[in-house]
Amino acid sequence: MPITRCRACGSPGLRPFLSLGETPLADALVTGEALGREERRYPLEVAFCESCTLVQQLHDVPPQELFVDNYLYFSSFSNHVLAHSRAHALDLIERRRLGPRSLVVEIASNDGYLLRNFVEAGIPALGIDPAPGQADAAEAAGVPTVREFFGDELARRLVADGRCANVIIANNVLAHVPDLDGFVAGLRTLLAPGGLITVENPYVRDLVEHCEFDTIYHEHHCYFSCTAIDRLVRRHGLFLNDVEYFSDLHGGTLRWHIGDRPDPTDTVWRYLDDEARTLANFAYYQEFASEVETVRSELLTLLRQLRAEGRRVAAYGAAAKGSTLVNYAGIGPDLVEYVVDRNVHKVGKYMPGVHIPIRPVEALLEDPPDYVLLLAWNFKDEIVRQQDEYLRRGGRFIVPIPRPQVLELAGALV
Ligand code: JHZ
């Protein structure tokens, strides 16, 4: 479905600045039997809203197709994500003095990777997630889970049932929401007076400045700044009161602290002032498309050169972002023989569109390539540490973003 008005503020002033062509859904991995069938492709195009500054996709795919029928992402496959989430939970327990009479709700609770920390501490927790496999895993870890998409209607039902939340956590989900207003209205409804909402999402500044164009795929309807968040939550009687930045999470992530009363820290003002001069203006995005094209052509040159020299190349991480990269660049099994992934639900399938087979991580030692293209570059340190044996045997990693580079053994760029 094409979008003609801003999905946050309703303004018609959307200015496109990047098109990645028509691609299949990034997480719609293909099974062996389905290889011969045609895959559905959708336009991947992003625009800037002149009115509220929100960067967003110009086409919508139904959420059921994205997050229920085709969703194999399990948060617990990264140790870094687990450690980050545990630190967040422990910090909230202490700072908000949470106890047995509190309620913590997480939206998009996935496999319970975060809420299990509250459950362990004896603090009532409720997950909300429509993805069936992930909700099963969360329940098995002791995290009660409502299997639905979140919005104001669900929030009202929970409140009517006596379940107001002292803390609401929404990590890497706001970008997935086609109806932002319905979602934020639901946050306002569900929040207990004086409660706290924390929202994490990759920062649009990092997307542009580190050329993380591969994080653009149909699941991500929007790409957020503090300015866009501030304007969005204010329309619902909520206030952006603090901002934290994590440079090492998903290529650069912000955590916004939102409450029902205004109490902004200096950090909030600093972000808003800085953004007013930079990414809150269309000019900031105008060079992006040509930067993206440079990454594509440099990467293709490097891979073709390696193949011409008779080198074998595989990839690491059947990530959604990997799918954007290989589809946009047109990288198939002729350039990258296989991709490995720890997620057992992905192994045995094929990357959408280009049909590179997905194998277990052990393949890197059993059938070693000369080079590994790090599609999950956001976990570079974690993955390189795990792969010390592959490196010891002379293997090398290629990082595609922000510019294609071959990593040295020690991790320094050459
Ligand atoms: P990863 C995800 O995007 C999903 P994706 C989601 N759409 C989102 O919003 C963003 O994050 C923020 C594997 N892996 O996390 C696991 C290993 O095999 O970069 C994953 O399949 N070994 C919700 O899909 C993939 O790599 C490892 O050691 O682009 C990484 O996917 C590690 C750490 C990961 O996300």
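All figures in this text were calculated on a predicted structure; none of them were measured in a lab.

**Topic: the overall build of the protein**
Across its full length, the protein holds 14 helices and 17 strands. For the protein, whose C-alpha radius of gyration is 21 Å, the value lies close to the compact-globule estimate of 22 Å for 414 residues. The principal-axis extents of the C-alpha atoms in the protein amount to approximately 65 × 45 × 45 Å. Here the protein holds 414 residues, and the buried ones make up 58% of them. Partitioning the intrachain contacts of the protein with sequence separation of at least 6 by distance along the chain shows that 69% fall at a separation of at least 24. When the accessible surface of the protein is summed, it comes to about 16700 Å², and 50% of that surface belongs to carbon and sulfur atoms. Of the charged side chains in the protein, 41 are positive and 57 negative; the average position of the first set lies 2 Å away from that of the second.

**Quick word on empty space enclosed by the protein**
Under the criterion given, the structure shown has three cavities of 30 Å³ or more. In this structure, the largest cavity encloses a volume near 90 Å³. In this structure, the largest cavity is lined by 13 residues; those nearest its centre are Asn201, Pro202, Leu207, Thr215 and Tyr223. Those elements that place two or more of their residues in the lining of the largest cavity are β8 (191–202), α7 (204–209) and β9 (222–223). Taken together, the residues that form the lining of the largest cavity break down as eight nonpolar, four polar and one charged. When its volume is computed, the second largest cavity comes out at roughly 40 Å³. Along its surface, the second largest cavity is lined by Leu174, Val184, Leu187, Val199, Ile229, Leu232, Val233, Leu238 and Ile258. Of all the secondary-structure elements, those providing two or more residues to the lining of the second largest cavity are α6 (180–190) and α8 (226–234).

**Considerations on the sheet that holds strand β6 (residues 145–146)**
In a beta sheet, neighbouring strands pair by backbone hydrogen bonds and run either parallel or antiparallel. Spatial ordering of the open sheet is given by β6-β5-β4-β7-β8-β11-β10, a layout of seven strands whose pairing is mixed. Each end of this open sheet is capped by a strand with a single partner; those strands are β6 and β10 (239–246). Direction of pairing for β10 relative to strand β11 (residues 253–259): antiparallel, over a ladder of seven bridges. Bridged to Phe239 within β11 is Gly259. Contacting β10 and β11, helix α9 (residues 266–277) crosses the sheet at an angle of about 80° to β10.

**Notes on the domain arrangement of the protein**
Parsing the protein into structural domains produces domain 1 (75–285) and domain 2 (288–412). Opposite the 19 residues of domain 1 that make contact, domain 2 presents 19 residues. Both sides of the domain 1 and domain 2 interface together cover about 1800 Å² of buried area, and 69% of this is carbon and sulfur. Broken down residue by residue, the surface that domain 1 buries against domain 2 is led by Phe77, Phe213 and Asp214, which jointly contribute 40%.

**Details of the layout of surface pockets**
Of the pockets and cavities examined, the second largest pocket occupies roughly 500 Å³. Lining the second largest pocket are 21 residues, with Ser247, Trp377, Asn378, Lys380 and Asp381 positioned closest to its centre. The element that contributes the greatest number of residues to the lining of the second largest pocket is helix α13 (residues 380–386), accounting for four residues. A domain split of the lining of the second largest pocket shows at least three residues from each of domain 1 (75–285) and domain 2 (288–412).

**Examining helix α2 (residues 79–95)**
When the terminal C-alpha atoms of α2 are compared, their 24 Å separation across 17 residues agrees well with the 24 Å that a helix rising 1.5 Å per residue should span. Taken as a whole, α2 has its buried residues at Val81, His84, Ser85, His88, Ala89, Leu92 and Ile93. For α2, the elements touching its buried residues are α3 (115–120), β7 (165–171), β8, β10 and β11. Regarding α2, its N-cap is Ser78, as a side-chain oxygen of that residue lies 3.1 Å from the backbone nitrogen of His80 further along. Where α2 terminates, the next one or two residues include Arg97, which has phi positive at roughly 50°.

Criteria and cut-off values
- Residues numbered from 1 in each chain as written.
- Predicted model: local features only at pLDDT ≥ 70, side-chain atom pairs only at ≥ 80, totals over all residues.
- Heavy atoms only, no water.
- Helix = DSSP H or I, 4+ residues; strand = E, 2+ residues; numbered from the N terminus.
- Rg over C-alpha atoms; globule rule 2.2 N^0.38 Å.
- Buried < 20%, exposed > 50% of the residue type's maximum accessible area, 1.4 Å probe, protein only.
- Contact = heavy atoms within 4.5 Å.
- Areas by Shrake-Rupley, 256 points an atom, 1.4 Å probe, with all protein chains shown as cover.
- Lys, Arg positive; Asp, Glu negative; His and termini not counted.
- Charge placed at Lys NZ, Arg CZ, Asp CG, Glu CD.
- 1 Å grid on protein atoms, 1.4 Å probe; cavity = no way out; pocket = protein on both sides within 12 Å on 5 of 7 lines; lining within 4 Å.
- Points joined across faces, edges and corners; volume = space filled by probe spheres on them.
- Nonpolar A, V, L, I, M, F, W, Y, C, P; charged D, E, K, R; others polar.
- Pairing = 2+ DSSP bridges.
- Axes fitted to C-alpha atoms, helices over the stretch in contact; angles between N-to-C directions.
- Domains from an automatic or database assignment.
- Buried area = accessible area lost by both parts, 1.4 Å probe.
- Expected span 1.5 Å × (residues − 1).
- Polar contact = N/O pair within 3.5 Å; in protein donor to acceptor, adjacent residues only side chain to side chain.

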